[in-house]
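Structural overview for review
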Amino acid sequence: MSAGPERWAVVGGGMLGLTLALRLAGEGREVTLIESAATAGGLASPWRLETPDGPVTWDRHYHVTLLSDTALRGLLAELGLEPELRWGDTRTGYWAQERLSPVSTPSEFLALPGLSPVAKARLAATIAVGGRIRDWHHMEQIPVAQWLTRWSGRATFERFWLPLLRAKLGEAWPDTSAAFLWATIRRLTAARRQGLGRERFGYVAGGYAKVLDRLAARLAERGVTLRTGATVERVEAASGGGLTATVAGAEPEHFDRVAVTTDAPTAVRICGGLSVEERERLQGIRYQGIVCASLLLRAPLSPYYLTYLFDEMPFTAVVEMTALVDPAELGGHCLVYLPRYVAPDDPLLDAPDAEIRRSFVAALARMHPSVDDEAIAAFRVSRVRRVFAIPTIGYSARVPPMDTSVPGLHLVGSAQIVNGTLNVNETVQLAEAAASRLCATASAVPARVES
Ligand SMILES: Cc1cc2nc3c(=O)[nH]c(=O)nc-3n(C[C@H](O)[C@H](O)[C@H](O)COP(=O)(O)OP(=O)(O)OC[C@H]3O[C@@H](n4cnc5c(N)ncnc54)[C@H](O)[C@@H]3O)c2cc1C
């Protein structure tokens, strides 16, 4: 009689589930990765944009890598993709009072409209103070609005900070802790510090399509079974020990341990046997979703990778990807993303593409009069109801733990990222930490014994 390798199911094939599956397999586990979409990748997955000159494939959502993203870069190096990273300096702009202006250098910053010199000095001090704080636990106990008003003053909070908070957090900004700002400033200053004062971002030539292809090939080499187009409807304790995972339309399948990497409401729905306290904890996590349009244009719009918006617009920023990415990657087109972060029940998530196109393109044309239907080679809308967990006051005390009361059932989700922003580097770090922790702790259920 010999004990076979521990059999794991990983539910969710985003970057978290993919990395977790790779690391578990590296520890000798037999892993099945189950993903509901037709292809793996989740928020990082690529899609096709149909243009009159043929299809173009790129990431469904804008993605950049920082020099300081060491966990992600380690994974890319392992996949042989480090030489495929392309780095570039980017510039930032803002749209205020119907005018587009740069805001990348200190002198451009001093030209920000609507703020007195004293207000600008306080604003600069706020960013510097935020960047020097080491203890995020303290920031987590203060509402972000209170912290910003204390350092920047009420007028600057309302004119400068509030539009930026609303852009990412929507109406959840009053409930968000200052740790959100701390994590955001830390990531932005990392981009600048490592890039010698300028913002330096990178991307893999070929985009996430190439990263995901390599990752799938490596998983296959490691013996991981990747099942796509398979939605897990139920995970529960099996009568003879271990767990069963049931995919829609299929028979329950037995595993020794299961890791669920989805958003918290999905985890509550599919995981049977959780305690009332565990369910309440998961249900208490608030999410922000996104409606994100991709536009392929025939000509560039601006020199800015990112344009902040201080005037009310139907989208909350303009991300001109080809200010960084070589347009040759996109059939010579210019790729622009128009994101709008929304609450999971926002009606915009159910609005038809044509309606979103009408309002987004009309607003973009106000900023860039060259934009009209003729200038647009492709337009496609991505909608995701739950993108990231909102870091509310005292969030880290309410984060769901990885172990559940159901033996062998583990939750590993992006809601467990407590002191960072949602990005692939944090995601890879979480997956790697989870794999070593979960492999170090034996399952409470006996491993299957094969004869
Ligand atoms: C607009 C936008 C911009 C971003 N920009 C950047 C950036 O510039 N740089 C960066 O590093 N990161 C960026 N990110 C973040 C990055 O995309 C995420 O950190 C990462 O993709 C999260 O991976 P995940 O696996 O945790 O979640 P997800 O990608 O959401 O994966 C979860 C997976 O679970 C699957 N699933 C759900 N329910 C089930 C079920 N019942 N059965 C089976 N499968 C199921 C889903 O289909 C999905 O594939 C951005 C994200 C967005 C949305």
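Residues numbered from 1 in each chain as written. Predicted model: local features only at pLDDT ≥ 70, side-chain atom pairs only at ≥ 80, totals over all residues. Heavy atoms only, no water.

**Thoughts on the overall build of the protein chain**
Counting its regular elements, the protein chain contains 13 helices and 21 strands. Rg of the C-alpha trace for the protein chain: 23 Å, near the compact-globule value of 22 Å for 451 residues, within the 12% margin. Seen through its principal axes, the protein chain has C-alpha atoms that stretch 75 × 55 × 40 Å. Buried positions account for 55% of the 451 residues belonging to the protein chain. Summarising the internal contacts of the protein chain: among those between residues at least 6 apart in sequence, 70% fall at separations of at least 24. Accessible area for the protein chain stands at about 19,100 Å²; split by element, carbon and sulfur atoms hold 53% of it. Each charge class in the protein chain can be summarised by its mean position, and for the 47 positive and 48 negative side chains these summaries are 5 Å apart. (Helix = DSSP H or I, 4+ residues; strand = E, 2+ residues; numbered from the N terminus. Rg over C-alpha atoms; globule rule 2.2 N^0.38 Å. Buried < 20%, exposed > 50% of the residue type's maximum accessible area, 1.4 Å probe, protein only. Contact = heavy atoms within 4.5 Å. Areas by Shrake-Rupley, 256 points an atom, 1.4 Å probe, with all protein chains shown as cover. Lys, Arg positive; Asp, Glu negative; His and termini not counted. Charge placed at Lys NZ, Arg CZ, Asp CG, Glu CD.)

**Topic: the site of the ligand**
The environment of the ligand is formed by 30 residues, the closest being Glu-35, Leu-43, Tyr-62, His-63 and Val-424. Between the ligand and Leu-43, the relevant distance is 2.7 Å, taken from an oxygen atom to a main-chain nitrogen or oxygen of the residue. With respect to the ligand, the backbone of Tyr-62 contributes an N or O atom lying 2.7 Å from a nitrogen atom. Contributions of two or more residues to the shell around the ligand are made by helix H1 (15-26) and helix H13 (424-440). Class assignment of the residues belonging to the shell around the ligand gives a composition of 15 nonpolar, 14 polar and 1 charged. Three or more residues apiece are contributed to the shell around the ligand by two domains, here domain 1 (2-38 + 228-285 + 394-450) and domain 2 (45-87 + 199-205 + 287-389). (Near = heavy atom within 4 Å. Polar contact = N/O pair within 3.5 Å; in protein donor to acceptor, adjacent residues only side chain to side chain. Nonpolar A, V, L, I, M, F, W, Y, C, P; charged D, E, K, R; others polar. Domains from an automatic or database assignment.)

**Brief notes about the packing of aromatic side chains**
Applying the stated criterion across every chain yields a total of 10 aromatic pairs. Between Trp-58 and Tyr-203, the aromatic rings sit 6.1 Å apart at their centres with planes inclined by 65°, giving edge-to-face as the arrangement. One end of the pair, Trp-58, is in strand E5 (residues 54-59); the other, Tyr-203, is in strand E9 (residues 199-204), and 145 residues separate them in sequence. As far as burial versus exposure is concerned, Trp-58 and Tyr-203 are alike and both buried. A ring pair is formed by Phe-315 and Phe-360, whose centres lie 5.4 Å apart and whose planes are at 75°; its orientation type is edge-to-face. Here Phe-360 lies in helix H12 (residues 353-367) and Phe-315 lies in the loop between strand E16 (304-309) and strand E17 (317-320), a separation of 45 residues in the sequence. Of the two residues, Phe-315 and Phe-360, neither departs from the other in class, the shared state being buried. The residue whose ring lies beneath Lys-168 is Phe-388, and the NZ or CZ to ring-centre distance is 5.5 Å. (Phe/Tyr/Trp six-rings, centres within 6.5 Å; stacked < 30°, edge-to-face > 60°. Lys NZ or Arg CZ within 6 Å of the ring centre and 35° of its normal.)

**Comments concerning the sheet that holds strand E2 (residues 7-11)**
The parallel open sheet is built from 5 strands, whose spatial order is E10-E3-E2-E14-E20. Either end of the sheet is taken by a strand with one partner, and the two such strands are strand E10 (225-227) and strand E20 (409-411). Taken over all neighbouring pairs, the strand axes of this sheet differ in orientation by 15° on average, direction set aside. Here E2 pairs with strand E3 (residues 30-34) via 5 bridges, running parallel. (Pairing = 2+ DSSP bridges. Axes fitted to C-alpha atoms, helices over the stretch in contact; angles between N-to-C directions.)

**Here we look at unusual backbone geometry**
A positive phi is found at Gln-97, a non-glycine position, where the angle reads about 50°. Note that Gln-97 resides in the loop between strand E7 (85-96) and strand E8 (99-102).

**Section: the pattern of salt bridges**
Tallied over the full model, the rule gives 25 salt bridges. Close ionic contact of Arg-23 with Glu-432 constitutes a salt bridge, the shortest N to O distance being 2.8 Å. Here Arg-23 is found in helix H1, whereas its partner Glu-432 is found in helix H13, with 409 residues between them in sequence. Residue classification places Glu-432 among the partly exposed residues on the basis of a relative accessible area of 24%. Of the charged contacts, one joins Arg-154 and Glu-158 as a salt bridge, the two residues approaching to 3.0 Å between their closest N and O atoms. Of this pair, Arg-154 and Glu-158 both sit in helix H7 (residues 154-169), separated by 4 residues, roughly a single helical turn. Salt bridges here are not isolated pairs; linked through shared partners, they connect Glu-6, Arg-29 and Arg-257. (Salt bridge = Lys/Arg side-chain N within 4 Å of Asp/Glu carboxyl O.)

**Overview of the state of the cysteines**
In this structure the tally under the stated criterion is 0 disulfides. Cys-292 carries a free sulfur, and the closest cysteine sulfur to it, the one in Cys-334, is 14 Å from it. Given the relative accessible area of 0%, Cys-292 is considered buried. (Disulfide = S-S within 2.5 Å.)

**Thoughts on the packing of H1 against helix H9 (residues 207-221)**
For the pair H1 and H9, the least separation of the axes is 10 Å and the interaxial angle reads 30°. Of the possible angle classes, the one that applies to H1 and H9 is roughly parallel. Regarding H1 and H9, the two cross each other, and that crossing is left-handed. Residues Met-15, Leu-18, Ala-21 and Leu-22 of H1 touch H9, and the partners they reach there are Tyr-208, Leu-212, Leu-215, Arg-218 and Leu-219. In terms of residue class, the contact of H1 with H9 is built from 8 nonpolar, no polar and 1 charged. (Parallel < 35°, antiparallel > 145°, perpendicular 65-115°, else oblique. Left-handed = near helix turned anticlockwise from the far one by under 90°.)

**Some points on the layout of surface pockets**
Put simply, the second largest pocket is a space of about 360 Å³. Residue lining of the second largest pocket: 20 residues in total, with Arg-166, Ala-167, Glu-312, Thr-316 and Arg-340 positioned closest to the centre. When residues of the lining of the second largest pocket are traced back to their parent elements, those giving at least two are H7 and strand E18 (334-342). Tallied by class, residues from the lining of the second largest pocket come to 11 nonpolar, 3 polar and 6 charged. Counting contributing residues per domain, the lining of the second largest pocket is built from domain 2 (45-87 + 199-205 + 287-389) and domain 3 (106-193), each supplying no fewer than three. (1 Å grid on protein atoms, 1.4 Å probe; cavity = no way out; pocket = protein on both sides within 12 Å on 5 of 7 lines; lining within 4 Å. Points joined across faces, edges and corners; volume = space filled by probe spheres on them.)

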